[in-house]
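Observations on chain architecture
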Amino acid sequence: MEDQNFNFGQGQLVADASAEVRAEFYRKTYFHLALAFLAFIGVEAVFLSTPAIVNIGLAMTQGWTWMIVLLGFMFVTNMAENWAIRTDNRSMQYAGFGLYILAEAFIFIPMLYIAMSISEDGSLLWKALSVTVALFVGLSAVVFVTKKDFSFLRSAIMIVSIVALGAIAAGMLFGFDLGLGFSIAMVMLAAGSILYQTSNLIYRYHPSQYVAASLGLFASFMLLLWYIIRIFMSRD
């Protein structure tokens, strides 16, 4: 039943481990996920309180600069995932995770700056975060309750991601706004990614790969948060 090509490493899978080992793996994974988000908040607070960095963040949304930033972000994401998944060196795994957190914090600068300008009391961000957490928990529960393997979503996620990148490029080229419909579609993509990444915890990772597992979940969570914030911003 297992497709070994999708296994992230060698050895015993979490699904085949004892209940104690599985519980410890899940605890470490979600603990690292929580730490990653706290680190993101800390780094973002420093970025947003530094005018020079804010100016750079706002300038990178102009014209084709944003497309270059997105391509750079994809490159960093791929590198971070390789460091976290394809090496047994724990220091390299954490370096990849840290690099990804920094990249997320940087790319979020213009989004959060504008959101805080719209809602100075921070209510917009708190609402967006609450909805994101609720969706994340609900989707994760679906995987753990049903025990379904969502690896079949992998190809669809890759295809839709490429189409989305093309849509962003087309919007820049022809000067049109992708609008609310695009944000809703991306929320659905993020939801699929959460199902896929949570499923990987059970069926693709090995007990020692909790850093890589938490990175995958963090990436999906942040994608969902990005477009939930966009939806709330479009309403104000």
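Computed from a predicted structure; not experimentally measured.

Turning our eyes to something else, we now look at the overall build of the chain. In terms of helices and strands, the chain carries 9 helices and 0 strands. Ordered by position from the N terminus, the helices and strands of the chain form the series α-α-α-α-α-α-α-α-α. Since a compact globule built from 236 residues should have a radius of gyration of about 18 Å, the 18 Å found for the chain is in line with a globular shape. With respect to the three principal axes, the spread of C-alpha positions in the chain is 50 × 35 × 30 Å. When burial is assessed residue by residue, the chain has 45% of its 236 residues classed as buried. In the chain, the proportion of contacts linking residues at least 24 apart, taken out of those at least 6 apart, comes to 84%. On the chain, roughly 11,900 Å² of surface is accessible, and the fraction owed to carbon and sulfur atoms is 68%. With 12 positive and 14 negative side-chain charges, the chain shows a spacing of 5 Å between the two charge centroids.

To continue, consider the pattern of salt bridges. The final tally for this structure, using the stated rule, is 3 salt bridges. Each member of the salt-bridge network shares a partner with another, and the members are E24, R27 and K28.

What follows deals with the nonpolar core. Within soluble globular proteins, side chains that are nonpolar generally end up buried alongside one another. F40, F108, F218 and I229 are the most contacted members of the largest nonpolar core, which totals 72 residues. Contributions of two or more residues to this core are made by helix 1 (19–48), helix 3 (65–85), helix 4 (90–107), helix 5 (109–118), helix 6 (123–146), helix 7 (153–174), helix 8 (179–203) and helix 9 (210–235). Looking at this core element by element, the count peaks at 19 residues for helix 9. Those residues within four positions of F218 in sequence are excluded, and the remaining contacts are L33, A36, F37, F40, F97, Y100, I101 and E104.

Moving on to the layout of surface pockets. Each pocket or cavity is described by its volume, and for the second largest pocket that value is around 360 Å³. As for the second largest pocket, its lining consists of 15 residues, of which F37, I41, L112, L125 and L129 are closest to the centre. Mapped by element, the contributors of at least two residues to the lining of the second largest pocket are helix 1, helix 5, helix 6 and helix 9. Considering every element that reaches the lining of the second largest pocket, the biggest residue donor is helix 1, with 6 residues. Classifying every residue of the lining of the second largest pocket by side-chain character gives 13 nonpolar, 1 polar and 1 charged.

A few words on the packing of aromatic side chains. A full pass over the atoms with the stated rule returns 13 aromatic pairs. Here the aromatic rings of F73 and Y100 are separated by 5.7 Å at their centres, their planes lie at 40 degrees, and the arrangement is tilted. Of this pair, F73 sits in helix 3 while Y100 is found in helix 4, placing the two residues 27 residues apart along the sequence. Residue F73 shares its accessibility class with Y100, and that shared class is buried. Both rings, one in F136 and one in F221, keep their centres 5.4 Å apart while their planes meet at 85 degrees; by these two values the pair is edge-to-face. Within this pair, whereas F136 is found in helix 6, its partner F221 is found in helix 9, the two being separated by 85 residues in sequence. Members of the aromatic cluster, joined through ring pairs, are F37, F40, W66, F108, F136, F221 and W226.

The next thing to look at is the environment of Q197. Mapped onto the secondary structure, Q197 falls in helix 8. With 44 residues separating them in the primary sequence, Q197 and L153 have C-alpha atoms 9.8 Å apart. If sequence neighbours within four positions are ignored, Q197 has contacts with Y205, G216, L217 and S220.

Before going further, it helps to spend a moment on a nonpolar patch on the surface. Together, F31, L35, L38 and I41 give the surface a local cluster of nonpolar side chains, amounting to about 380 Å² of exposed area. Residue L38 is classed as exposed on the basis of its relative accessible area, which comes to 56%.

What counts, and where the lines are drawn
- Residues numbered from 1 in each chain as written.
- Predicted model: local features only at pLDDT ≥ 70, side-chain atom pairs only at ≥ 80, totals over all residues.
- Heavy atoms only, no water.
- Helix = DSSP H or I, 4+ residues; strand = E, 2+ residues; numbered from the N terminus.
- Rg over C-alpha atoms; globule rule 2.2 N^0.38 Å.
- Buried < 20%, exposed > 50% of the residue type's maximum accessible area, 1.4 Å probe, protein only.
- Contact = heavy atoms within 4.5 Å.
- Areas by Shrake-Rupley, 256 points an atom, 1.4 Å probe, with all protein chains shown as cover.
- Lys, Arg positive; Asp, Glu negative; His and termini not counted.
- Charge placed at Lys NZ, Arg CZ, Asp CG, Glu CD.
- Salt bridge = Lys/Arg side-chain N within 4 Å of Asp/Glu carboxyl O.
- Core = buried A, V, L, I, M, F, W, Y, C linked by side-chain atoms within 4.5 Å.
- 1 Å grid on protein atoms, 1.4 Å probe; cavity = no way out; pocket = protein on both sides within 12 Å on 5 of 7 lines; lining within 4 Å.
- Points joined across faces, edges and corners; volume = space filled by probe spheres on them.
- Nonpolar A, V, L, I, M, F, W, Y, C, P; charged D, E, K, R; others polar.
- Phe/Tyr/Trp six-rings, centres within 6.5 Å; stacked < 30°, edge-to-face > 60°.
- Patch = residues over 30% accessible without salt bridge, like charges linked within 9 Å, V, L, I, M, F, W, Y side chains within 5 Å.

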